[in-house]
Amino acid sequence: MVYAIKEINGNEFLLPNISLGFHIFDTCVHISRAVWETLTCLTGRDHPTLNYQCNRKVSYAATVITLSNRLLYPSFFRTASSDDKQSRALAKLVFYMGWKWVGLLSLNNDYGILGSQILKEELQNMGVCIAYHETFGQGTSLKKIQSIADIIVRSSAKVVIVFSRDPQINQLMELFLKRKDVDRIWLASNGWSTSPLLSITRFSHTMVGTLGFSLHEVDMPGFREFLLGVHPSTSLPQDIFINTFWEIAVGCRWPIASADGGNETVWCTGEEKLKEFSNKKYENNYLDLIFQYRIYNAVYAVAHALHDLIFSCAFRQEATMPGKCVDLSNIKPWQIFQHLKSVYFRNRMGEEIYFDANGNPPTDYDLLNWQLNSDGTISFVKVGRYKILESQENELNINITAIKWITGVQEIPISVCTNSCSSGFRKASLKGQPMCCFGCVPCSEGEISNQIDSNNCHLCSPETWPNENKTMCIPKAVEFLSYWEPLGITLTSTAIFCFFTSTSILCVFVKYKDTAIVKANNRDLTYVLLTSLCLSFLCSLLFIGEPQKFTCLLHQGAFGVIFVLCISCIFAKTLMVVIAFRATKPGNNTRRWLGPTVPALNVSTCTFIQLFISIYWILSCPSLPEKNIKIMTGVIIYQCNECSATLLWWMLGYMAFLACVSFLVAFLARNLPDNFNEAKWITFSMLIFLSVWISFVPAYLSTHGKFMVAVEVFGIISSSAGILGCFFFPKCYIILFRADLNTRENLLGKGHKQKFNPKITQTL
C-alpha cells in the first residue's frame, strides 16, 4: 500500500498536485480482530457500531460470495475474485481433465458451504458425479476426521476437491502421512493452494502433484527495489511495522524487543544491508505477493475514482452548486462510490482493472502444481491460467506437459466410477447409482456409436449398415442374382444348354418333317411346342443379372405367356389324341373335329387369356427395379418389385390349372393303343411339371432376395427340361438311331389289320 501511494503521489497525470495518505488496520491473522478492524475502517470510529455508514474503502482479499449481494452490501468493492468464480474454475478444471468421479471436502462455514454448493451445481451440469461430500472444520472431532480419511481411501475416486483454508486442512492430511495406499490428486481452492504449512518436506510425498487455483500473481516492477530501500533509520516514526520487518528480513532481533536473548542470538544494529536479503525466502515464506498485487490495485482504484471525481467534473449533479466541481475538503463517501462503479484503467503491468455490477473485479486465477524439489520441499509451479474478461470468453489454458502427477507418469490420471465404454457400446444407467456409474451395452442391430462413453447409439441410414464392431456405418451389400457368381453361372449355363438342346431337337424335327413319326404327331403343334420351350429357357435369363426397367417389365409376363403357350400345345395334343381314337369307333361323329382348326383355336384361346392377364398387369401395376432394405438385415436386395402379388398368383394359378387339366386328360388317355398314343409321355411330363411347381410354391415363399429368384429360374428350367426330355427324347432317339421304327407300318401296327383311317394317322 505504501509503495502504491508513493507511486501515485509521484505520478503527474494521476491526481496531480494532490498527495494521498493512509491509515493501516492490521487483522493480526485473527478472525474476530479482522471483523473488529473492518468495522472500525467502515465507521471511522475506534468503537464501531453495526449500524455503520458507507465509506470509501475497497477490500483486497475478501472472497466470500455473500458480499456480492448488492442489497446487503451496496457499496462493497473487492479486488479479489469471489468464491463462486473459483468454484466454476475448479469445475472447468475437472471437466478439462476428463475426470467424471470426484470426492469433495469442504469447510462447514460460509466459505466451504457456499463454495461447495456452487461447485456441485457446476459439476452436475458438466456431467461429473460426486462420489462423496464430507464437511469438517475447526471443531471437528478426531473421530470424524478419521472417518473422512477412511472414506477417501475406500472410494474409487482418485481426485479429491478440498474447499478449505489453512490451517483446518492440516489435521486431515496428518492422517495420510503413514499410509502408503493414498495416491490421490488433491484439487485445492485458493484458501490453501499456496499453503506454507503443507508445502514442507514432512507432507511432500502426500501432497506432490496437487493442483490448485490461486489469485493471479503479477510481478510489480520496482517493488523489490522499494523493499530493499526500506531502512529503520529512514522510516517514519509512525511506521509500526518496520522493526518487525527488519527482524524477519535480516534474521536478527532488536534488543528492545527481547531482553533475554541466548548466546546464539544475532542482535539488530541497523547497520545491516538489506541487499543481501534472500529473494526466494522473502517471496515464498514471508510476504504474500498475491495479496500485495490486490492491495496495489485497490489503492489505484480509489485513486482513479478520486481523479474522475475531482478533475473531470462530468457529474455536475454531484456538486453543491451548478457549474462548481466537488469541494476537496468535503468529499462524501457516496461520491467516491459513484465513480468506483464505473472506474476502468490498465495498471502499469497492462492488466485491466474494473468492477462489475456486483463490485467484482475481472476473474483471474493461476493454476499451480505442487512439485517436489531436490531438498524435499514443495514448489508452486504455474501450469495454467483461468481468466474471464468482459472483452473475451471464458478461458482455461493449461500446459499439461508441465504438470507433474503423484503417479509419476506423464499421462493424465483417470478418475471414473466405471471404465469408459468403447465405441460400439452405449452407457446404461445402473439402478440406485449415480449417472457416472454405468454398464456398457452393445448397440442394437442397425445402430452404431463412434465415440467413447456414448450415451446413445445412432441408427444407420437406410442405405448403410454397421460394421462388425458397430463403430461406423458402411454401405450395405447390394444383392441380386448376378451372371458372374457361381449360382448365376450355373443357372445361366444350364438355361443356354437347354436352349440349344431344344433348338437342336427343333432342327431335327424340321429336317425329318416328312418321316412318319413327325407327321403322325401334328408337326405344327410340335414346332410351336419346341419353339415355346426354346423361349422358356431364354426367358429364364430375364430373371438373372442386375434388374433393369425393361427386364422387370417383361420377365414375369414373358414367363407366364410362354409357359401357357407350351402347356396349351401339350393340352391340344392330348385332346387331339382322345378325339382321334374316339373317331375310330363306329357311329361316332367326332371325326369332324379332326384337323388343324381345333388345336389352333385351343392354343390361341388359352394363350390369349394369359396374355390378357400379363398386359393388364404391365399397364395397371408395372414391375420396376427397387432396392429393398426391409427383407434382409444389413443387405439391400436389388429386385424387381412385382407390385401386385394378386396378379402374380392369378397368372401362376391359371398356368397350374391348364397343367392339371392336361395331366388329367393325358392320364385318362394313357391306355389307348401304344403306337398312336402320346398320352403316356404327356402324363409323365405333366407329372414332372406339376411336381416342380408344387414344390416351387413353399420354396419361393420361404426364400428372399437372389435365392427367391434362383428358385423361380430353377423351376422354369427344370419344368421345361422335364417336358423336353420326357416328350421329345424318345422320338429323337427313334428318328436318329432307329430309322427302322420311323415307318408308317410301325405306327399302324405291323402284323395287325387295324381298321384305322390313314387320314387319322396324318392328323395325329
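Keep in mind that what you see is a predicted model, and the values were worked out from it rather than measured.

Colleague: Which parts of the structure should I look at to understand the state of the cysteines?
Modeller: Throughout this description, disulfide means a covalent bond between two cysteine sulfur atoms. Here the structure, examined in full by the defined rule, presents eight disulfides. Between Cys460 and Cys473 runs a disulfide, and the two sulfur atoms are separated by 2.0 Å. Across the S-S bond linking Cys460 and Cys473, the dihedral sits near -90 degrees, which makes this disulfide left-handed. Residue Cys460 is located in the loop between β14 (458-459) and β15 (464-466), and its partner Cys473 is located in strand β16 (residues 473-475); the two are separated by 13 residues in the primary sequence. The exposure class of Cys460 is buried, given its relative accessible area of 9%. According to the relative accessible area criterion, Cys473 is partly exposed, its value standing at 27%. There is a disulfide in this structure between Cys552 and Cys640, and the S-S distance comes to 1.9 Å. Taking the sign of the torsion about the S-S bond as the criterion, the disulfide between Cys552 and Cys640, at about -75 degrees, is left-handed. A residue pair is termed long-range when its members are at least 10 positions apart, and Cys552 in helix α16 (residues 549-583) and Cys640 in strand β19 (residues 635-641) qualify at 88 residues. Of the two residues examined, Cys552 and Cys640, each falls in the buried class.

Colleague: Which parts of the structure should I look at to understand the sheet that holds strand β17 (residues 477-479)?
Modeller: In a beta sheet, neighbouring strands are held together by backbone hydrogen bonds and run either parallel or antiparallel to one another. Spatial ordering of the open sheet is given by β17-β19-β18, a layout of three strands whose pairing is mixed. In this open sheet, the two strands that pair with only one neighbour each are β17 and β18 (624-628). Shown here is a sheet whose adjacent strand axes are inclined to one another by a mean of 25 degrees, direction ignored. With five bridges joining them, β18 and β19 adopt antiparallel strand pairing. Within β19, the position partnered with Pro625 by the bridge is Cys640.

Colleague: Help me understand the pattern of salt bridges, please; the structure alone is not making it clear to me.
Modeller: Taken as a whole and judged by the stated rule, the model has 13 salt bridges. Here Arg88 ties to Glu122 by a salt bridge, and the two come within 3.3 Å at their closest N and O atoms. Pair noted here: Arg88 is in helix α3 (residues 83-97) and Glu122 is in helix α4 (residues 110-125), with a separation of 34 residues, a long-range link. By relative accessible area, Glu122 is classed as buried at 19%. Here Glu352 and Arg346 are joined by a salt bridge, their closest N and O atoms 3.7 Å apart. A network of salt bridges, in which partner residues are shared, links Asp84, Lys85, Arg88 and Glu122.

Colleague: How do you make sense of a nonpolar patch on the surface when you look at a structure like this?
Modeller: Together, Phe608, Ile609, Leu611, Phe612, Ile615, Tyr616 and Leu619 line one region of the surface with nonpolar side chains, adding up to about 750 Å² of accessible area. Examined against the element boundaries, Phe612 turns out to sit in helix α17 (residues 597-620). On the accessibility criterion, Phe612 (53% relative accessible area) is exposed.

Colleague: I'm lost on the confidence of the model for the protein in this one. Help?
Modeller: As a note on interpretation, predicted positions should not be read in detail where pLDDT is low. In this model, the protein carries an average pLDDT of 82, and 84% of its residues clear a pLDDT of 70 or more. The model gives residues 51-57 a pLDDT under 50, and that stretch makes 16 contacts with residues more than four places away or in other chains. The model gives residues 317-321 a pLDDT under 50, and that stretch makes seven contacts with residues more than four places away or in other chains.

Colleague: How do you make sense of empty space enclosed by the protein when you look at a structure like this?
Modeller: In this approach the atoms are scanned with a rolling probe the size of a water molecule, which exposes any empty space left behind. As enumerated under the stated definition, the model contains five cavities of 30 Å³ or more in all. In this structure, the largest cavity spans a volume of roughly 150 Å³. Arg294, Glu352, Ile353, Pro362 and Asp364 are, among the 13 residues lining the largest cavity, the residues nearest its centre. Elements supplying a minimum of two residues to the lining of the largest cavity: α11 (289-312) and β7 (352-354). When residues of the lining of the largest cavity are assigned to their parent elements, the largest contribution, three residues, is made by α11.

Colleague: I'm lost on the sheet that holds strand β1 (residues 101-107) in this one. Help?
Modeller: Spatially, β2-β1-β3-β4-β5-β8-β9-β10 is the arrangement adopted by the eight strands of the open sheet, whose pairing is mixed. Lying at the two open borders of the sheet, with one neighbouring strand each, are β2 (129-136) and β10 (395-398). Ignoring strand direction, the axes of neighbouring strands in this sheet form an average angle of 25 degrees. Pairing between β1 and strand β3 (residues 159-163): five bridges, direction parallel. Residue Gly103 lies in a different strand from β3, and its bridge partner there is Val160. Of the strands in this sheet, β1, β2, β3 and β4 (185-188) are in contact with helix α5 (residues 142-154), which crosses β2 at around 165 degrees.

Colleague: Explain the nonpolar core here, please?
Modeller: Buried together is how nonpolar side chains tend to be arranged in soluble globular proteins. In terms of nonpolar packing, the biggest core is built from 63 residues, with Phe509, Leu529, Phe559, Met655, Phe689, Trp693 and Phe728 touching the most fellow members. Elements supplying a minimum of two residues to this core: α13 (486-511), α14 (516-519), α15 (523-539), α16, α17, α18 (645-668), α19 (679-702) and α20 (706-737). A per-element tally of this core places α20 first, with ten residues. Ala91, Leu93, Ile145 and Ile148 belong to the second largest nonpolar core, which has 60 residues in total.

Rules behind the numbers
- Residues numbered from 1 in each chain as written.
- Predicted model: local features only at pLDDT ≥ 70, side-chain atom pairs only at ≥ 80, totals over all residues.
- Heavy atoms only, no water.
- Disulfide = S-S within 2.5 Å.
- Helix = DSSP H or I, 4+ residues; strand = E, 2+ residues; numbered from the N terminus.
- Buried < 20%, exposed > 50% of the residue type's maximum accessible area, 1.4 Å probe, protein only.
- Pairing = 2+ DSSP bridges.
- Axes fitted to C-alpha atoms, helices over the stretch in contact; angles between N-to-C directions.
- Salt bridge = Lys/Arg side-chain N within 4 Å of Asp/Glu carboxyl O.
- Patch = residues over 30% accessible without salt bridge, like charges linked within 9 Å, V, L, I, M, F, W, Y side chains within 5 Å.
- Areas by Shrake-Rupley, 256 points an atom, 1.4 Å probe, with all protein chains shown as cover.
- pLDDT = per-residue confidence, 0-100.
- Contact = heavy atoms within 4.5 Å.
- 1 Å grid on protein atoms, 1.4 Å probe; cavity = no way out; pocket = protein on both sides within 12 Å on 5 of 7 lines; lining within 4 Å.
- Points joined across faces, edges and corners; volume = space filled by probe spheres on them.
- Core = buried A, V, L, I, M, F, W, Y, C linked by side-chain atoms within 4.5 Å.

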